[in-house]
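Notes for the structure review
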Amino acid sequence: MAKDYYKLLGVARNATKDEVKKAYRELAHKYHPDKGGDADRFKEINEAYTVLSNDEKRAQYDQFGRVFEGGGGQQGGFQWPGGFRMDFGEGTTGGGGEFDFSDVFEDFFGASAGGGRTRSRERRGKDIRIDIEISFEESILGIKKEIDLYKLARCAQCGGSGGEKGSKMNSCATCQGKGNIQKTQRTFLGSFTQVSTCPECSGVGKRPEVLCTQCRGKGIEQRNETFEVLIPKGIRDGEMLKMSGKGEASMVAGTPGDLYINIHVRSHGVFRRQGDDIVMQLPVKPSQAMAGGSIDIAAIDGAIKLKIPEGTQPGDILSIRGKGAYVSSGYGRGNLLIEIKVELPKKVSRKIKEIAELLSREGY
């Protein structure tokens with residue numbers, strides 16, 4: 001009786017490729033022999049996935065209930081992406097390379113996906129993320145900040161080489177100068193060879209004859225590092241700055257990570273940001289609002305003489321161009337928007353009452 005591949009993987013007959021792959025990955029994890037699973041069930045799951053993941057084979061299976069293969073069993077093998085090679089024994093089919101197990105086997109054995117050749121991953125230091133709080137004025141006008149970080153950095157004594165100054169570099173004895181080592185594992189599916197970066201030389205293939213006494217050949221050490229950061233004009237609360245190469249250092253011949261700086265802007269008692277504009281409220285006396293005049297106000301970049309038009313109403317917005325926040329492009333600025341608040345006295349003198357009565361009679 002023909003096997004129901006859809007039932008084996010637990011998917012519908014109209015399942016997409018992604019759904020088939022997802023089901024296979026889950027079942028492969030569950031039944032893999034190296035994880036204590038059922039070897040026979042694992043073979044059936046592989047057989048089902050081999051067919052349903054291939055458009056041509058799946059079409060044949062859906063139409064005829066079986067797959068018609070050209071040729072019989074053969075002995076051979078192929079190179080898995082990421083440095084694995086699988087050697088097939090007698091009577092095994094499928095060495096044509098049309099079925100890609102790489103995304104599954106990297107979960108089991110740690111292989112890197114992509115490409116059909118052996119390659120070493122570039123060693124890279126860890127990224128660092130920090131938070132910096134700045135004032136509202138600093139966010140508008142920009143500022144230079146000094147940052148002190150305790151992190152993994154290049155060894156100050158050897159400069160990251162891992163050897164004493166003048167020390168000769170010899171071929172690594174562990175990997176014989178190749179920069180990587182191979183480990184072969186035999187399973188019922190065949191032999192798998194994993195290629196990984198040499199832990200002794202970090203993939204360089206060479207080791208110093210005399211190791212650095214400070215870092216013991218690693219090329220890195222924990223120490224304080226101080227540098228200056230330029231906070232650009234007009235930066236917003238929550239924006240992130242990236243400083244390439246300012247993260248943690250990597251082992252010998254590796255590249256450092258990056259530093260990410262998350263900006264927090266403190267709120268201001270007078271000003272708030274609205275897009276590229278700065279908004280503030282300005283209390284004025286009734287006489288100033290009615291008769292108009294000039295008043296000095298303290299803006300972000302210093303004192304400004306503001307002209308209040310005659311008959312200014314409560315809630316009116318006066319705008320001063322070019323005194324807002326710097327725009328993100330770095331060219332030009334928004335406006336300073338001043339909302340007028342007319343302050344009425346809670347207690348008034350007899351004379352003020354008489355004036356108020358006079359205004360009332362005049363219709364004001």
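As shown above, the structure is provided for reference.
A few points on the structure.

Conventions and cut-offs
Residues numbered from 1 in each chain as written. Predicted model: local features only at pLDDT ≥ 70, side-chain atom pairs only at ≥ 80, totals over all residues. Heavy atoms only, no water. Helix = DSSP H or I, 4+ residues; strand = E, 2+ residues; numbered from the N terminus. Buried < 20%, exposed > 50% of the residue type's maximum accessible area, 1.4 Å probe, protein only. Contact = heavy atoms within 4.5 Å. Areas by Shrake-Rupley, 256 points an atom, 1.4 Å probe, with all protein chains shown as cover. Phe/Tyr/Trp six-rings, centres within 6.5 Å; stacked < 30°, edge-to-face > 60°. Lys NZ or Arg CZ within 6 Å of the ring centre and 35° of its normal. Axes fitted to C-alpha atoms, helices over the stretch in contact; angles between N-to-C directions. Parallel < 35°, antiparallel > 145°, perpendicular 65-115°, else oblique. Left-handed = near helix turned anticlockwise from the far one by under 90°. Nonpolar A, V, L, I, M, F, W, Y, C, P; charged D, E, K, R; others polar. Pairing = 2+ DSSP bridges. Expected span 1.5 Å × (residues − 1). Polar contact = N/O pair within 3.5 Å; in protein donor to acceptor, adjacent residues only side chain to side chain. Core = buried A, V, L, I, M, F, W, Y, C linked by side-chain atoms within 4.5 Å. Arc of directions from axis to C-beta.

1. Examining the overall build of the protein chain
When helices and strands are tallied, the protein chain shows eight helices and 17 strands. Counting across all 364 residues of the protein chain, residues that qualify as buried make up 36%. Residue pairs in contact within the protein chain that sit at least 24 positions apart in sequence constitute 62% of those at least 6 positions apart. A total accessible area of about 22,100 Å² is found for the protein chain, and carbon and sulfur atoms account for 47% of it.

2. Focus: the packing of aromatic side chains
Taken as a whole, this structure holds four aromatic pairs when the rule is applied. Judged by centre distance (6.4 Å) and plane angle (10 degrees), the ring pair of Phe 136 and Phe 271 falls under stacked. Here Phe 136, found in helix α6 (residues 136-141), pairs with Phe 271, found in the loop between β11 (259-265) and β12 (272-274); they are 135 residues apart in sequence, far enough to count as distant. This pair shows no difference in class: Phe 136 is buried, exactly as Phe 271 is. Feature note: the residues Tyr 5, Tyr 6 and Tyr 61 constitute an aromatic cluster, connected by ring pairs. Of note, Lys 246 hangs over the ring of Phe 227, and the distance from its end group to the ring centre comes to 5.2 Å.

3. Some words on the packing of helix α2 (residues 17-31) against helix α3 (residues 39-52)
Two numbers describe how α2 lies on α3: the axes approach to 10 Å, and their chain directions differ by 165 degrees. In this view, α2 runs roughly antiparallel relative to α3, as classed from their interaxial angle. The chirality of how α2 crosses α3 is left-handed. Of the residues in α3, those touching α2 at Val 20, Lys 21, Tyr 24, Leu 27, Ala 28 and Tyr 31 are Arg 41, Phe 42, Ile 45, Asn 46, Tyr 49 and Leu 52. Grouping the amino acids of the contact of α2 with α3 by side-chain chemistry returns nine nonpolar, one polar and two charged.

4. Digging into the packing of α3 against helix α4 (residues 55-64)
α4 packs onto α3 with a crossing angle of 105 degrees between their chain directions and a minimal axis gap of 6 Å. Here α4 runs roughly perpendicular to α3, going by the angle between their axes. Residues Thr 50, Val 51 and Leu 52 of α3 form the contact with α4, whose own contacting residues are Lys 57, Arg 58 and Tyr 61. Here the residues of the contact of α3 with α4 sort into three nonpolar, one polar and two charged.

5. Thoughts on the pairing of strand β15 (residues 302-308)
Looking at chain direction, strand β14 (residues 293-299) and β15 are connected through seven bridges and run antiparallel. Opposite Ile 295, over in β15, you have Leu 306 as the bridge partner. Remark: two residues form the turn of the hairpin made by β14 and β15, two consecutive strands paired antiparallel.

6. With respect to the pairing of strand β17 (residues 336-342)
Two strands pair when backbone bridges link them, and strand β13 (residues 277-284) and β17 are joined in this way by seven bridges, in the parallel orientation. Across the sheet, Met 280 pairs through a bridge with Ile 338, a residue of β17. Where strand β16 (residues 317-320) meets β17, four bridges bridge the pair, whose relative direction is antiparallel. Bridged to Ile 317 within β17 is Glu 339.

7. Quick look at α3
Helix length check: α3 (14 residues) gives 20 Å between terminal C-alpha atoms against 20 Å at 1.5 Å per residue, within 8%. Buried within α3 we find Phe 42, Ile 45, Asn 46, Ala 48, Tyr 49, Val 51 and Leu 52. Elements that come into contact with the buried residues of α3 comprise α1 (5-9), α2 and α4. Two or three places before Asp 40, at the opening of α3, Asp 38 has a side-chain oxygen 3.0 Å from that residue's backbone nitrogen.

8. A short note on the sheet that holds β11
Read from one edge of the open sheet, three strands run β3-β11-β10, paired in mixed fashion. Single-partner strands in this sheet number two, and they are β3 (128-134) and β10 (240-243). Shown here is a sheet whose adjacent strand axes are inclined to one another by a mean of 25 degrees, direction ignored. In this sheet, β11 lies alongside β3 in parallel orientation, the contact comprising seven bridges. Residue Ile 128 lies in a different strand from β11, and its bridge partner there is Leu 259.

9. Some details on the nonpolar core
With 37 residues, the main nonpolar core has Ile 261, Ile 263, Ile 297, Leu 336 and Ile 338 as its most contacted residues. In contact with Ile 297, not counting residues within four places along its chain, are Met 280, Leu 282, Gly 302, Ala 303, Ile 304, Leu 306, Leu 336 and Ile 338. Leu 9, Ile 45, Val 51 and Leu 52 belong to the second-largest nonpolar core, a separate cluster that totals 19 residues.

10. Let's talk about α2
Along its 15 residues, α2 runs 21 Å from first to last C-alpha, staying within 8% of the 21 Å computed at 1.5 Å per residue. Of the residues making up α2, those classed as buried are Val 20, Ala 23, Tyr 24, Leu 27, Ala 28 and Tyr 31. For α2, the arc enclosing every buried residue in end-on projection is 130 degrees, short of the 170-degree limit, so these residues lie on one face. Among the exposed residues of α2, those pointing more than 90 degrees away from its buried face are Asp 18, Lys 22 and Glu 26.

Note that all results are geometric; they support no functional claim without further evidence.
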